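Spelled out, the chains give:
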Amino acid sequence: MQRLKVISGHLCPPGAREPWRAQCSSAVVNSPEDVVVVHGRRTAIGRAKRGGFKDTTPDELLSAVMSAVLQDVGLPPHQLGDVCVGNVLQPGAGALMARVAHFYSGFPDSVPVYTVNRQCSSGLQALLNIAGAIRSGSIDLGLACGVESMSLRSIGSPGDLSSRLGDIDKARDCIIPMGMTSENVAERFGVSREKQDAFALSSQQKAAWAQSAGLFLQEIVPVSTKVLEEGGAERQITISQDEGVRPATTLEGLAKLRPAFKPDGSTTAGNSSQVSDGAAAVLIGRRSAVEARGLPVMGVLRAGAVVGVPPDVMGIGPAVAIPAALQKAGLTVDDIDVFEINEAFASQAVYCVEKLGIPLEKVNPNGGAIALGHPLGCTGARQVVTLLNELRRRGKRGYGVVSMCIGTGMGAAAVFEYPGP
C-alpha cells in the first residue's frame, strides 16, 4: 500500500506536486505544529471625533480587549510568550501605549510586548508576527492585537523625508492622499460611481441586518467610558454597538453626495470607509500547547502573504495578495466560503472582487468598513474575529480569507480554516 504524503496540510498521493488540489483528498491533517486561533474579541467601532470613544485613549481600548480574551478562556497572562500590537497613528507606533495597556490588563512585567505599523494591515501583521514566533519555536502562545484612536490622532505630517522625494516617481506617489488613489483605481480600471454606490449600499444593508440580528454580540466587548460634553461636563456611557451603521441608507441618498477628493471624481463620504476608533485582540498558539491547556481551537492559520503594488493605485493590493495567500494554502477562490476584504474605498473593493471573480455573496456578509468603520491599526485583527465567528455560525468546516490594501502600495491576505464544530 502506498504511503500518503502531506502537502499544505492535505493527504496526497506520493507523486503529487503543486498545484495539488485536484489530486489530493480533502481530509486535512492536523499537525501539533499548526498555528491555531483560540479566541478573539473586539470593541464596538466608534465614529471618530463624534462617537462614544472620541475621548477614550487607545490604551484603554486596547486593555479592554486584551483582558476580555484571556478572561473568556481562563488563561493566566503569564503563560503568554509575547504580545504584538498593530497601531498606525500613535508616536513610535504606540510602543509606550501598548506597554501601558498591558499593565492596565494585569499582565505581569515578565510578558513582553511590542508594536508593528504596516498601516492598514497592522492588526493582521501583528497576528502574522506572532504566528512566525510560534513557528520558529520562540513561543507557544501569543496575543495579537490592533488598536486605533482616529479621534485623538489624525493622519497628518508624513514625517521627515528627503528633498529628493520629488525626484523619484514611486517615492512621490507614496504621499498621494488615499482618496486620490481611490480615484486613480476608479479611472484606470473603469469602476463607475454607480457600482461604487451600489457596493456601499450593500455594505450598509448587510451590517444593519447583522447588527439587528445580534450577530456581533459574541465578538464585541462592552466598554464603559466617559464622554466630554460641551462645556466640559463628563458623562459615563457604555459602548457595545458599532456606531457607523446607517440602516436608512439608500442609493438615492448616496447619489446626492458630492465627490470628496476631486470635483469630477466618484469617491464620496458614502462609498469610502469611515474614520473610526476601536481595538481587537486575538489569542493564537501552537496546536500542541493549546490542546495541552484544554483551550478551544476556533480556527487554523493556513497561509499569509504580503505583496507590493504601485503606490498610486494602492487599493488593488487584495487582488494580488489574495492569490498569493491562496497559492500557499493550496486553495482557490472557489474553495473559500467567506472573504473579509477591507472596504477602504468601494472603488478598490469592487475592482478586487471583480478581478478575482469572487461571488458578491461571499464578500463581507456582515458588512465591511464602509458601514462598520476602519480604525487603521485595529482593522486586520477585527476582521479575523468577525471572519471566524461567521464561519462558526455556519456550523461546518470551511475556509475564510482576510485581506486589505495598504497605503504606500501593498496588499496583505491570510487564509484561515474553521475546523468545524
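Residues numbered from 1 in each chain as written. Predicted model: local features only at pLDDT ≥ 70, side-chain atom pairs only at ≥ 80, totals over all residues. Heavy atoms only, no water.

Visitor: Would you explain the packing of aromatic side chains in this entry?
Guide: Given two aromatic rings, their pairing is described by the distance between the two centres and the angle made by the two planes. Applying the stated rule across the entire model yields 2 aromatic pairs. Looking at R42, its charged tip hangs above the ring of F216, at a distance of 5.1 Å from the centre. (Phe/Tyr/Trp six-rings, centres within 6.5 Å; stacked < 30°, edge-to-face > 60°. Lys NZ or Arg CZ within 6 Å of the ring centre and 35° of its normal.)

Visitor: Just to check I follow, could you spell out the pairing of strand β13 (residues 338-341) for this structure?
Guide: Where a strand is regular, its side chains alternate between the two sheet faces. Alternating positions in β13 separate into two faces, V338 and E340 on one and F339 and I341 on the other, with burial throughout. Sheet topology places β13 next to strand β14 (residues 398-406); 4 bridges connect them, and they run parallel. Pairing of I341 across the sheet is with S403, part of β14. (Buried < 20%, exposed > 50% of the residue type's maximum accessible area, 1.4 Å probe, protein only. Helix = DSSP H or I, 4+ residues; strand = E, 2+ residues; numbered from the N terminus. Pairing = 2+ DSSP bridges.)

Visitor: Would you take a moment to explain the packing of helix α3 (residues 122-136) against helix α12 (residues 379-394) for this structure?
Guide: To describe two helices that pack against each other, one gives the angle between their axes and the distance between the axes. At a minimum axis separation of 4 Å, α3 and α12 run at an interaxial angle of 75 degrees. Relative to α12, α3 is oriented roughly perpendicular. On α12, the residues touching G123, L124 and L127 of α3 are G380, A381 and V384. Class assignment for the residues of the contact of α3 with α12 results in 4 nonpolar, 2 polar and no charged. (Axes fitted to C-alpha atoms, helices over the stretch in contact; angles between N-to-C directions. Parallel < 35°, antiparallel > 145°, perpendicular 65-115°, else oblique. Contact = heavy atoms within 4.5 Å. Nonpolar A, V, L, I, M, F, W, Y, C, P; charged D, E, K, R; others polar.)

Visitor: Is there a simple way to think about helix α9 (residues 317-329) in this case?
Guide: The α-helix advances 3.6 residues per turn, and as a result positions three or four apart in sequence lie on the same side. The end-to-end C-alpha distance of α9, which contains 13 residues, comes to 18 Å, matching closely the 18 Å that a straight helix rising 1.5 Å per residue would cover. For α9, the full list of buried residues reads G317, P318, A319, A321, I322, A325, L326 and A329. Among the structural elements, β12 (299-308), β13, α10 (346-356), β14 and β15 (410-418) are those in contact with the buried residues of α9. With its phi angle positive at about 70 degrees, G330 sits one or two positions after the end of α9. (Expected span 1.5 Å × (residues − 1).)

Visitor: Even after reading the chapter, I still don't get the pattern of salt bridges, so can you show me in this structure?
Guide: Two side chains that carry opposite charge are able to pair once their charged atoms sit near each other. Going through the model one piece at a time under the given rule, you end up with 20 salt bridges. A salt bridge links E187 to K262, with the shortest nitrogen-to-oxygen separation between them at 2.7 Å. Pair noted here: E187 is in helix α5 (residues 178-189) and K262 is in the loop between α7 (251-255) and β11 (276-286), with a separation of 75 residues, a long-range link. Accessibility expressed as a relative area gives 48% for E187, which makes it partly exposed. Taking the shortest distance from any N to any O, the salt bridge between K195 and E354 comes out at 2.9 Å. Remark: E354 occurs in helix α10 and K195 occurs in helix α6 (residues 193-212); sequence separation between them is 159 residues. Beyond isolated ion pairs, a larger network of salt bridges with shared partners links D34, R287, E291, R302, R397 and E417. (Salt bridge = Lys/Arg side-chain N within 4 Å of Asp/Glu carboxyl O.)

Visitor: Just checking my understanding: could you explain unusual backbone geometry for this structure?
Guide: Leaving glycine aside, a negative phi is the common case for residues, and trans is the common case for peptide bonds. Notably, K49 is not glycine yet its phi reads approximately 70 degrees, a positive angle. Topologically, K49 is positioned in the loop between β4 (46-47) and α1 (58-73). The backbone of A93 shows a phi angle near 55 degrees, a positive value even though the residue is not glycine. Within the fold, A93 resides in the loop between β5 (82-86) and α2 (95-104). By relative accessible area, A93 is classed as buried at 16%.

Visitor: How should I be thinking about the packing of α9 against α10 in this particular structure?
Guide: The geometry of α9 relative to α10 is characterised by a closest axis approach of 8 Å and an angle of 40 degrees between their N-to-C directions. With respect to α10, the axis of α9 lies oblique. For α9 against α10, the interelement crossing comes out right-handed. Seen from α9, the contacting residues are P318, A319, I322 and P323; seen from α10, they are Q348, Y351, C352, K355 and L356. (Left-handed = near helix turned anticlockwise from the far one by under 90°.)

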